[in-house]
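Descriptive analysis of the structure
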Amino acid sequence: MIEIIKTLIDALANGFPGIRGMREDKRRRQLGVELFLLCAQINQLMVTAEDIIQHLENYAASIGNDINDGREGGGPEYPRRVRHLVDRQRDDLLYVRLLLESQSAVVQIIEPEAYNRLVPLLGVKQGALDILFRLMYVGDLPLGPSQAEIDAWVTRIPPLREGQARGASQSLWAVDRLLLEAESRWRENVLPHDSWGRDVHAIVVQYLDERQPRRQLEEIRSSLSILRSTLLDNFTIADVLVEVGERGRGIRRL
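In short, a report on the structure. This is a predicted model, so every value here is computed, not measured.

Comments concerning the overall build of the chain
Secondary structure assignment for the chain yields eleven helices and two strands. Among the 254 residues that make up the chain, the fraction classed as buried is 52%. Sequence-distant contacts, at least 24 apart, represent 86% of the contacts inside the chain between residues at least 6 apart. For the chain, the computed accessible surface area is about 12,100 Å², with 51% contributed by carbon and sulfur atoms.

Let's talk about helix α5 (residues 112–122)
Counting buried positions over the eleven residues of α5 gives eight, a clear majority of the element. Listed in full, the buried residues belonging to α5 are A114, Y115, N116, L118, V119, P120, L121 and L122. At the exit of α5 stands G123, carrying a positive phi of roughly 60°.

Focus on the pattern of salt bridges
The full count for this structure, using the stated rule, is 15 salt bridges. Here R211 ties to E3 by a salt bridge, and the two come within 2.7 Å at their closest N and O atoms. Residue R211 is found in helix α9 (residues 198–211), and its partner E3 is found in helix α1 (residues 2–13); the two are separated by 208 residues along the sequence. Of the residues examined, E3 reaches a relative accessible area of 1% and is grouped as buried.

Some thoughts on the environment of K125
Here K125 is to be found in the loop between α5 and α6 (128–136). Through-space distance from the C-alpha of K125 to that of R177 is 10.0 Å; in sequence the pair is 52 residues apart.

Examining the nonpolar core
In a soluble, globular protein the nonpolar side chains are often hidden away together inside. Among the nonpolar cores identified, the biggest contains 75 residues, and L12, L35, L56, W153 and W186 are the most heavily contacted of them. At 16 residues, the largest contribution of residues to this core is made by helix α2 (residues 26–68). Residues contacting L56, with those up to four places away along its chain left out, are L141, L191, W196, V204, Y207 and L208.

Structural notes on the packing of helix α3 (residues 77–99) against α6
Interaxial distance between α3 and α6 falls to 10 Å at its minimum, and their mutual angle equals 155°. As judged from the angle between their axes, α3 and α6 are roughly antiparallel. In the crossing of α3 with α6, the sense of the turn from one axis to the other is left-handed. Between α3, through V86, D87, Q89, R90, L93, L94 and R97, and α6, the contact on the second element is made entirely by L129, D130, L132, F133 and M136.

Some words on the environment of L45
Here L45 is to be found in helix α2. As a C-alpha pair, L45 and D92 span 47 residues in sequence and 6.5 Å in three-dimensional space. In contact with L45, other than residues within four places in its own chain, are I5, Q89, D92, L93 and V96.

Some details on unusual backbone geometry
Note on backbone geometry: most residues besides glycine have negative phi, and most peptide bonds are trans. The amide bond that connects G144 to the next residue, P145, takes the cis arrangement and shows omega of 0°. Unlike most non-glycine residues, Q212 shows phi in positive territory, near 50°. Note that Q212 resides in the loop between α9 and α10 (213–234).

Re the environment of R88
Looking at the element boundaries, R88 is found in helix α3. Residue class for R88 comes out partly exposed when judged on its relative accessible area of 31%. Linking R88 and M136, residues 48 residues apart in sequence, is a C-alpha distance of 9.9 Å.

Comments concerning the packing of α9 against α10
Put simply, α9 and α10 touch, their axes get as near as 6 Å, and they point 45° apart. In terms of their interaxial angle, α9 and α10 are classed as oblique. Contacts between α9 and α10 involve Y207, L208 and R211 on the former and, on the latter, P213, R215 and Q216. A per-class count over the contact of α9 with α10 returns three nonpolar, one polar and two charged.

What counts, and at which threshold
All residue numbers here refer to positions counted from 1 along the written sequence of the relevant chain. Totals for whole chains, interfaces and linings use every residue, but because this is a predicted model, local features are given only for residues with pLDDT of at least 70 and side-chain atom pairs only at 80 or more, for both listing and counting. As a rule here, side-chain values come from all non-hydrogen atoms in the structure, and water together with hydrogens is ignored. The way it works is that DSSP assigns letters per residue, a run of H or I at least four long becomes a helix, a run of E at least two long becomes a strand, and they are numbered from the N terminus. Whether a residue is buried, partly exposed or exposed follows from its accessible area with a 1.4 Å probe, protein chains only, as a fraction of its type maximum: under 20%, in between, or over 50%, in that order. Only heavy atoms enter the contact rule, under which two residues are in contact if any of them lie within 4.5 Å. Note on areas: these come from Shrake-Rupley sampling with a 1.4 Å probe, and a residue is covered only by the protein chains present in the view. Just to be clear on terms, a salt bridge is a Lys or Arg side-chain nitrogen sitting within 4 Å of an Asp or Glu carboxyl oxygen. Only buried Ala, Val, Leu, Ile, Met, Phe, Trp, Tyr and Cys residues count toward a nonpolar core, and they belong to the same one when joined by side-chain atoms within 4.5 Å. All axes here are fitted lines through C-alpha atoms, helices being fitted over the stretch that makes contact, and every angle between N-to-C directions spans 0 to 180 degrees. Note that the term roughly parallel is reserved for angles under 35 degrees, roughly antiparallel for angles over 145, roughly perpendicular for angles of 65 to 115, and oblique for everything else. Helix crossings fall into two classes, left-handed where the near helix is turned counterclockwise from the far one by less than a right angle and right-handed where it is turned clockwise. Three classes are used, and their members are as follows: Ala, Val, Leu, Ile, Met, Phe, Trp, Tyr, Cys and Pro are nonpolar, Asp, Glu, Lys and Arg are charged, and the others, Gly among them, are polar.

Here it is in structure tokens:
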């Protein structure tokens, strides 16, 4: 799941090289508001992701000791600790998805290459974010998709052409078909919301070793710093304060 956050923030951090040349108008202010809200929400996603990773690291170490001593390990303690974090992360991801609806200024203005990286997350009827919501609804923690899987989707999706309408492009329908194939694999690769035993311990150890979520968090922080700099360099408090309160409350009520 952390790769979803990384793909999202990388696209946003590198998606607005021409922002300084935009004329001062309502559309520019809308972009500033949406980027401000996304930046704040992604920061919260980062905090929760770090808490989840810390719990997984603690679980891998402590239950590993139990297994080495001949005890089964596991039980409801660790999944109970993680479940409330999964619920929080699901709600925060949903808020991000609402901000990235097809007519948002971010989706309409972001550079085509960055937009194509967002496409697997959005889809038409469903994107990667929508699948994550379903898996997380019962408290399960999805470990997919990997960054390699996301990158492979991008290469298989028809790129956005100059002047092509966003939100109804062929690329969005293509990602829907790809994700239908991926969802069953993701369901097989979740950490369940109930007890964890030796099998789950092996999955967690492999995940921490192969996917290196701590390293990915550092990379996300670097991209988030770029996004913050974009906001500070191109928008003033006056650009966003007038609209950000109402915009934020409106989305939270949905």
